[in-house]
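Chain and residue survey
The lines below spell out each chain.
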Amino acid sequence: MSGVIAENLAKVKQQLAEALIRSGRGEDDCELLVVSKTWPAEVVAEVIDAGHRAFGENKVQEGMEKIPSLPQGVRWHLIGHLQRNKVRKALPLFGTLHGIDSLKLARYTSNLAVELGCHPDVYLQVNLAGEERKSGFSPDDLRRELEELDGLDGLNVLGLMCIPPAVACPEDARPWFARLRELRDELESTSGLSLPGLSMGMSGDYEAAIEEGSTIVRVGSAIFGARNYAV
Ligand SMILES: *Cc1c(COP(=O)(O)O)cnc(C)c1O
């Protein structure tokens, strides 16, 4: 593995561990999802060789090209918005979906999952700031729809996911992370359901996210360097 990627990976793991200790949480309480979108299979293979097993992609097409050429035994997560016409292709590849953002999509994905014999883990994406450009459930949608979502046969709802509005520094993202946790706590106490998962935190702000309760951080550029979307 390129020395730089190995060093970056070690550094992120170290900072993740320190953030957990700082917040009085256990060392296994937050998972590192390495976001490999835009990086070729050869580069990802080096991180797999180094022992990492959980990767995130945001495009089904890219996953279809990359995943079959890489070793088995890797857990692939789809982190982006899932288009309805890609669900059938996504399900056999991705065991975890972070971008389920409406009841309609959840029902449709659940039905196909049952048909295909898959049972993906799911994080419900929440649009906390009500941003028009972002998809996601509003908090009120979830208050109304959580019970039906949780009851869908084909999906295993683990919890909530958010991408906070763009902010100038990581500390500005912290209130959004806190709000996702508080929404989770509220939904758990009103519904009696268990939503242990909080998918929040990226390269610029994962330490703040962990301190606010993240159980899985999605980190790409802090490990691989800046992405080049043109390639
Ligand atoms: C690309 C992406 C990430 C990783 O972003 P970095 O800033 O490179 O860590 C995390 N989550 C989602 C949903 C993404 O699309």
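Presented here is a report on the structure given in the accompanying data block. This structure is a prediction, so every number in the text was calculated from the model and none was measured.

A complete count under the given rule lists 18 salt bridges for this structure. Of the charged contacts in the structure, one is a salt bridge between Glu131 and Lys134, with a shortest N-O distance of 2.9 Å. A residue is classified by how much of its surface remains accessible, and Lys134, at 24% relative accessible area, is partly exposed. Here Glu186 makes a salt bridge to Arg143, at a shortest N to O gap of 2.6 Å. With a gap of 43 residues between them, Glu186 in helix H7 (residues 170–191) and Arg143 in helix H6 (residues 139–151) connect regions that are remote in the sequence. Judged by relative accessible area, which is 29%, Glu186 ranks as partly exposed. Take Arg143: its relative accessible area is 42%, and that puts it in the partly exposed class. Taken together, the salt bridges that share partners define one network made up of Arg22, Glu171, Arg174, Arg181, Glu182, Glu207, Glu211 and Glu212.

The next point concerns the site of the ligand. Around the ligand, the surrounding shell consists of Val35, Lys37, Ile79, Ile163, Met202, Ser203, Arg218, Val219, Gly220, Ser221 and Arg227. Side-chain polar atom of Lys37 to an oxygen atom of the ligand: 2.7 Å apart, as the coordinates give it. Between the ligand and Gly220, the relevant distance is 2.8 Å, taken from an oxygen atom to a main-chain nitrogen or oxygen of the residue. Protein burial of the ligand: of its 390 Å² of free accessible surface, 90% is covered by the chains. Split into classes, the residues belonging to the shell around the ligand amount to five nonpolar, three polar and three charged.

A few words now on helix H5 (residues 103–116). Between the first and last C-alpha of H5 there are 20 Å, a value that for 14 residues agrees with the 20 Å anticipated at 1.5 Å per step. Of all the positions in H5, only Leu103, Leu105, Ala106, Thr109, Ser110, Leu112 and Ala113 are classed as buried. Within two residues after H5, Gly117 carries a phi angle of roughly 70°, on the positive side.

Rules of the game
The numbers attached to residues start from 1 for each chain and follow its sequence in the written order. Per-residue local features of the predicted model are confined to residues with pLDDT of at least 70, and side-chain atom pairs are confined, for both listing and counting, to 80 or more; whole-chain, interface and lining totals are unaffected and use all residues. Hydrogens and waters are ignored; side-chain quantities use all the structure's heavy atoms. Definition used for salt bridges: Asp or Glu carboxyl oxygen within 4 Å of a side-chain nitrogen of Lys or Arg. For every residue, the accessible area (1.4 Å probe, protein chains only) is compared with the maximum for its type, and the residue is labelled buried under 20%, exposed over 50%, or partly exposed between those bounds. For helices the rule is a DSSP run of H or I covering at least 4 residues; for strands it is a run of E covering at least 2, with both sets numbered from the N terminus onward. Working definition: residue near molecule or strand if any one of its non-hydrogen atoms lies within 4 Å of it. Here a polar contact means two N or O atoms within 3.5 Å. Within protein one must be a hydrogen donor candidate and the other an acceptor candidate, and residues neighboring in sequence count only if both atoms are side-chain atoms. Values of accessible area rely on a 1.4 Å probe in the Shrake-Rupley scheme; residue burial ignores everything except the protein chains shown. As a working rule, the residues Ala, Val, Leu, Ile, Met, Phe, Trp, Tyr, Cys and Pro are called nonpolar, Asp, Glu, Lys and Arg charged, and the rest polar, with Gly in that last group. Here the expected span of a helix is defined as 1.5 Å times the quantity of residues minus one.

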